[in-house]
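In case you want the letters, here they are:
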Amino acid sequence: MRFVFVVLFLFVSWVRGGVEPPLPTWDAEVRSEMIEEGWMAGGILLDFDSLPEEEKEPETVLEGVEARVEDLGVEEESNEVQEKYLLEYFADKSKSYLVDPQGLLPDRDRKDLEAFLDYHSVDSSIALYVYLFGADQVIPSDVREEEVVERLYSVGKPAVVIYYYVGAPQRTTVYLSPVITDVVSASEQNRALESAVIKAFAHTDGIDQLEAFLVQMSIRIYWMERMTLGMASETMESIPGKVHTKIL
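As the structure is a computational prediction, the values presented were derived from the model and not from experiment.

Draft legend 1. Seen up close, the overall build of the chain. Looking only at helices and strands, the chain features eight helices and four strands. Reading the chain from its N end, one meets helices and strands in the order α-α-α-β-α-β-α-β-β-α-α-α. Every one of the 248 residues in the chain was classed for burial, and the buried ones make up 36%. Sequence separation of 24 or more characterises 63% of the internal contacts of the chain that already satisfy a separation of 6 or more. When the accessible surface of the chain is split by element, carbon and sulfur atoms take 54% of a total near 16100 Å².

Draft legend 2. Representation of the pairing of strand E4 (residues 173-176) within the structure. Pairing of strand E3 (residues 159-166) with E4, which is carried by four bridges, proceeds in the antiparallel orientation. In the strand pairing of E4, Ile162 is matched with Val174. The turn linking E3 back onto E4 is made up of six residues, and Gly167 within it adopts a positive phi angle of 95 degrees.

Draft legend 3. Region of the structure containing the packing of aromatic side chains. Summed over the entire model, instances satisfying the criterion amount to 13 aromatic pairs. Between Tyr129 and Tyr153, the aromatic rings sit 4.7 Å apart at their centres with planes inclined by 55 degrees, giving tilted as the arrangement. Residue Tyr129 is found in strand E2 (residues 127-134), and its partner Tyr153 is found in helix H5 (residues 145-153); the two are separated by 24 residues along the sequence. Both residues of the pair, Tyr129 and Tyr153, belong to the buried class. Put simply, the rings of Tyr89, Phe90, Tyr131, Phe133, Tyr163, Tyr165 and Tyr175 pair up and form one aromatic cluster. Geometry around Tyr165 places Arg171 over its ring, the cationic atom sitting 4.1 Å from the centre.

Draft legend 4. The packing of helix H7 (residues 186-200) against helix H8 (residues 206-228), seen in detail. Contact geometry for H7 and H8: axes closest at 7 Å, N-to-C directions at 155 degrees. Between H7 and H8, the crossing angle belongs to the class labelled roughly antiparallel. Judged by the twist between their axes, the crossing of H7 over H8 is right-handed. Between H7 and H8, the residues in contact are Glu188, Arg191, Ala192, Leu193, Ser195, Ala196, Val197, Lys199 and Ala200 and Gln209, Ala212, Phe213, Gln216, Met217, Arg220, Met224 and Met227, respectively. Of the residues contributing to the contact of H7 with H8, the split by class is 10 nonpolar, three polar and four charged.

Draft legend 5. Looking closely at the sheet that holds E2. Across the sheet, four strands lie side by side as E1-E2-E3-E4; this open sheet has mixed pairing. Single-partner strands in this sheet number two, and they are strand E1 (98-99) and E4. Taken together, the eight bridges between E2 and E3 define a ladder with parallel strand orientation. Residue pairing for E3: Leu128 is matched across the bridge by Val160. Contacts from helix H3 (residues 83-90) reach E1, E2 and E3, with the element oriented near 175 degrees to E2.

Draft legend 6. Looking closely at the pairing of E3. Of all eight residues in E3, eight are buried; the element is thus mostly enclosed. Side-chain alternation along E3 places Ala159, Val161, Tyr163 and Tyr165 on one buried face and Val160, Ile162, Tyr164 and Val166 on a second face that is also buried. Regarding the hand of the β-α-β motif, the stretch spanning E2, H5 and E3 is right-handed.

Draft legend 7. Representation of the pattern of salt bridges within the structure. Counted according to the given criterion, the structure contains three salt bridges. A salt bridge links Asp100 to Arg110; its shortest N-O distance comes to 3.1 Å. Here Asp100, found in the loop between E1 and helix H4 (107-123), pairs with Arg110, found in helix H4; they are 10 residues apart in sequence, far enough to count as distant. Among the residues examined, Asp100 registers a relative accessible area of 10% and is labelled buried. Here Arg110 falls in the buried class, since its relative accessible area comes to 16%. Through salt bridges with shared partners, a single network forms among Asp100, Asp107 and Arg110.

Draft legend 8. Seen up close, H4. Between its first and last C-alpha atoms H4 spans 24 Å; for 17 residues at 1.5 Å apiece the expected length is 24 Å, and the two agree. Every buried residue of H4 is accounted for by Asp109, Arg110, Leu113, Leu117, His120 and Ser121. Buried positions in H4, seen along its axis, are confined to an arc of 105 degrees and lie on one side of it. When the buried face of H4 is taken as reference, the exposed residues oriented beyond 90 degrees from it are Asp107, Arg108, Lys111, Tyr119, Val122 and Asp123. Buried residues belonging to H4 abut E1, E2 and H8.

Reading guide: rules and limits
- Residues numbered from 1 in each chain as written.
- Predicted model: local features only at pLDDT ≥ 70, side-chain atom pairs only at ≥ 80, totals over all residues.
- Heavy atoms only, no water.
- Helix = DSSP H or I, 4+ residues; strand = E, 2+ residues; numbered from the N terminus.
- Buried < 20%, exposed > 50% of the residue type's maximum accessible area, 1.4 Å probe, protein only.
- Contact = heavy atoms within 4.5 Å.
- Areas by Shrake-Rupley, 256 points an atom, 1.4 Å probe, with all protein chains shown as cover.
- Pairing = 2+ DSSP bridges.
- Phe/Tyr/Trp six-rings, centres within 6.5 Å; stacked < 30°, edge-to-face > 60°.
- Lys NZ or Arg CZ within 6 Å of the ring centre and 35° of its normal.
- Axes fitted to C-alpha atoms, helices over the stretch in contact; angles between N-to-C directions.
- Parallel < 35°, antiparallel > 145°, perpendicular 65-115°, else oblique.
- Left-handed = near helix turned anticlockwise from the far one by under 90°.
- Nonpolar A, V, L, I, M, F, W, Y, C, P; charged D, E, K, R; others polar.
- Right-handed = clockwise from strand over helix to strand, strands pointing away.
- Salt bridge = Lys/Arg side-chain N within 4 Å of Asp/Glu carboxyl O.
- Expected span 1.5 Å × (residues − 1).
- Arc of directions from axis to C-beta.

By themselves these figures say nothing about function.
This is the structure:
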């Protein structure tokens, strides 16, 4: 504590007099006392005399060591979907209309959405499959999303396949079975996606966003169905809720 008071006194004197204070000097007894109390660590900064050789700690030098992440045993954080889930996502056609191998939804919400998608499939000639990912997740580059859809959904009941990122509706991508893309233009597909995303952003909660998105998309699919079956000549331009906003 005496060292602290000495430094404080010198500082106050310097402020008042505008004169640079002299550096403290130590007699042997005080110096030994400071060493025992651990106050001499700052002695070099204050330009005190070097410690005697017997008081110096041995130096250790690390030679040829590179500070790399792998050397420290720390893996770089990655937002890619983990490999253990990829087979469940993309190996085969899903038996459920809601594909969520990572368990991103609570059980109750999952059951509600599965019931909604089941009802849609019964009521429509176009099935709706929803693949769920985390808001900031990335599908590995070696997984060709459109090829997966072509491989799994080109045969059988026509389908709209949605890759939805929970909490980030603007990242959603939509793929259609070839029989639908032959009739529904790319611009109309884009308008369908835009309107669903706009509906999602009317909410702040991630689950509410997903529900609003799917309700709107199911309405759009109804018009896709009419166009595909040749039951009407309307385009989706006539659907209520039409938007012209570009999604970034």
